[in-house]
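# Coordinate inspection notes
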Number of protein chains: 2
Amino acid sequence: MINKLIKKIEKTHAPIVVGLDPMLDYVPEHIKAAAFKEHGETLEGAAEAIWQFNKAIVDATYDLIPAVKPQIAMYEQFGTEGVKAYQKTVDYCHSKDLVVIGDVKRGDIGSTSAAYAVGHLGKVQVGSKKLSAFDEDFATVNPYLGSDGIKPFLEVCKEEKKGIFILVKTSNPSSGEFQDRLIDGRPLYEYVGEKVAQWGEEVMGDNYSYVGAVVGATYPEIGKVLRKVMPKSFILVPGYGAQGGKGADLVHYFDENGLGAIVNSSRGIIAAYKQEAYASFGAEHFADASRAAVEAMIKDIDGALQAR
Amino acid sequence: MINKLIKKIEKTHAPIVVGLDPMLDYVPEHIKAAAFKEHGETLEGAAEAIWQFNKAIVDATYDLIPAVKPQIAMYEQFGTEGVKAYQKTVDYCHSKDLVVIGDVKRGDIGSTSAAYAVGHLGKVQVGSKKLSAFDEDFATVNPYLGSDGIKPFLEVCKEEKKGIFILVKTSNPSSGEFQDRLIDGRPLYEYVGEKVAQWGEEVMGDNYSYVGAVVGATYPEIGKVLRKVMPKSFILVPGYGAQGGKGADLVHYFDENGLGAIVNSSRGIIAAYKQEAYASFGAEHFADASRAAVEAMIKDIDGALQAR
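Residues numbered from 1 in each chain as written. Chains lettered and ligands numbered in written order. Predicted model: local features only at pLDDT ≥ 70, side-chain atom pairs only at ≥ 80, totals over all residues. Heavy atoms only, no water.

Chain A has the name Orotidine 5'-phosphate decarboxylase in an unreviewed UniProt entry, where Roseburia amylophila is given as its organism. According to UniProt, the comment filed for chain A under the heading Pathway (unreviewed entry) is "Pyrimidine metabolism; UMP biosynthesis via de novo pathway; UMP from orotate: step 2/2." Check the Sequence similarities (unreviewed entry) section of the UniProt entry for chain A; it says "Belongs to the OMP decarboxylase family. Type 2 subfamily." (UniProt positions renumbered as here; feature names shortened; annotations may be inferred.)

Moving on, we come to the state of the cysteines. All names here are of chain B. As enumerated under the stated definition, the model contains zero disulfides over all chains in all. Here Cys 93 is not cross-linked by a disulfide; its sulfur's nearest cysteine counterpart is in Cys 157, at 20 Å. Cys 157 gets classed as buried once you look at its relative accessible area, which sits at 0%. (Disulfide = S-S within 2.5 Å. Buried < 20%, exposed > 50% of the residue type's maximum accessible area, 1.4 Å probe, protein only.)

This brings us to the sheet that holds strand β2 (residues 67-70) of chain B. Residue and element names in this part refer to chain B. Strand order in the closed barrel formed by eight strands is β1-β2-β3-β6-β7-β10-β11-β12, and the pairing between neighbours is parallel. On average, each strand axis in the sheet is inclined to that of its neighbour by 30°, with strand direction left out of account. Lying on the sheet, helix α9 (residues 188-201) is in contact with β7 (163-169) and β10 (211-215); it crosses β7 at an angle near 165°. (Pairing = 2+ DSSP bridges. Helix = DSSP H or I, 4+ residues; strand = E, 2+ residues; numbered from the N terminus. Axes fitted to C-alpha atoms, helices over the stretch in contact; angles between N-to-C directions. Contact = heavy atoms within 4.5 Å.)

Many authors give the size of an interface as the accessible area that is lost as the parts come together. Counting from both sides, the interface comprises 72 residues of chain B and, opposite them, 72 residues of chain A. Summing both partners gives a buried area of about 5,700 Å² for chain B against chain A, and 62% of it is carried by carbon and sulfur. When the buried surface of chain B facing chain A is broken down by residue, B:Glu41, B:Tyr144 and B:Phe178 rank first, second and third, together holding 16% of it. Counting across the interface, chain B meets chain A through four salt bridges. At the junction of chain B and chain A, the tally comes to 29 residue pairs in polar contact (both at pLDDT 80 or more). A per-element tally of the side of chain B that touches chain A places helix α6 (residues 110-120) of chain B first, with seven residues. (Buried area = accessible area lost by both parts, 1.4 Å probe. Salt bridge = Lys/Arg side-chain N within 4 Å of Asp/Glu carboxyl O. Polar contact = N/O pair within 3.5 Å; in protein donor to acceptor, adjacent residues only side chain to side chain.)

Position of A:Gln87 among the secondary structure elements: in helix α5 (residues 79-95). Residues within four places of A:Gln87 in sequence aside, it is in contact with A:Ala133, A:Phe134 and B:Thr80.

All names here are of chain A. What the eight strands build is a closed barrel, ordered β1-β2-β3-β6-β7-β10-β11-β12; its pairing is parallel. Together, β2 (67-68), β3 (99-106), β6 (138-141) and β12 (261-265) form the strand contacts of helix α1 (residues 2-12), whose direction differs from that of β3 by roughly 125°. Contacts from α5 reach β2 and β3, with the element oriented near 150° to β3.

Below, the structure written as structure tokens:
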């Protein structure tokens, strides 16, 4: 799947991923009104609204991008109905041949981590059958529990040729509270990055490993260091746009071929129609505003890579 | 909810929690056969089997125990159907007046963490309504992202009088890879424990905080240290039984009144009928075997607390 992701990036010239994190506040009133009319102001109504919102954005952008990253929290907040909308979104993106990165940030130990791994990336044994459940292509994973939490994912990645992105240095302001603490003079995130590189050796694609890392756009100097610590790990970069990251800050996350990183934008794309720059589209044409925002983001990142 | 948990522990004399982590391998053949007969060897069939298994165990043990801890990974592996079985289990345990600790180990940042918090513990805004989704009483939370990941949970805990248990030192063999790394001579888990104590001050119940910690039974010396670092935090203790922890190892996790900790056992109770000690019950009477295992666990821990 890492090979497929790379091929799709090369084809689209777009090392970006659209974060499908549909807060209800982002969904235009006409979509919410239609969903609430059918299902009432219920969890089912909310789930229907975010699904219709997602579908329109995917329809308007899928030919420009290699991948999407639905954030499962935004679906889980609506309970089982929300989780069904997550599944519909994953399946629909697959029907458009998009690579799906499930931003689930799971992490547990032993048989529990194995359950997450088979449920999200692999196949679960039911009687004599092996069945797929959520079936994303990649999942994000939290490393706090150490190798015991990661190894069950590696097994499934090997079997299914799928991948994971392990949290190394997150984009948020307080990420340093634990991740930056110095151990023998070096920050914790470097130790985690070293383990990512080591875990990744076991599960190599053609040029990059199935095991990638999450490094926030908001810490470009750290990105530069971690690129070297994990030379074979693709970096998933959150924090672009709304959180403050810009294309010019991110050139060191990439290799000399413009590969090795994929930059996520969520709010900046899916709620583009709410920004001044795209306000002229109006709420009715929110998906066209998203398409324009995708085009601008590709231009920003491609421009920065060309200019280096 | 921490006050309710403590009252229930005092009433049952059982500082224990039954981990509802139903692997399909634990479910007796007759339950699986009935579920597969109705739904086929499908995700729906698997979900029905684990739900029937859970229900029988809850019916056989609820009067002895204060709380249950369903591990959501074991449900998520069966996709949306599994998540529905998780919700049914949470709701059924509430109908039996059990405190429900959702072992979800979520952790993200800002609005994403807020979405997890409202989805699992709070109420989500849908149009003019505020609706509950999963509605557990406690959730487990991963601290790797720092305060940004925790504070949205604190807000919801305040509003709803619910609680969280933050991973500090996990029970697995590799937990030391990152958690034990020394920072200025002190291990990372102590820093995390200090933050737990600090976060917890904002959200106090009568004697203990709504903010608790997870500390594995398999590291009793560390438990002794962390008890002092977080004097007002209840400790959720995994790793008893199948993972090797014993009652006598755990006395230092408790305060002088036998409070301050709650010990989880999953496999040791729900799959008791597979152990030699309880084999005479047979697979047909698996729930009675679970009841006997609960009684033995209460005796082991109570005995250890009396003997200190």
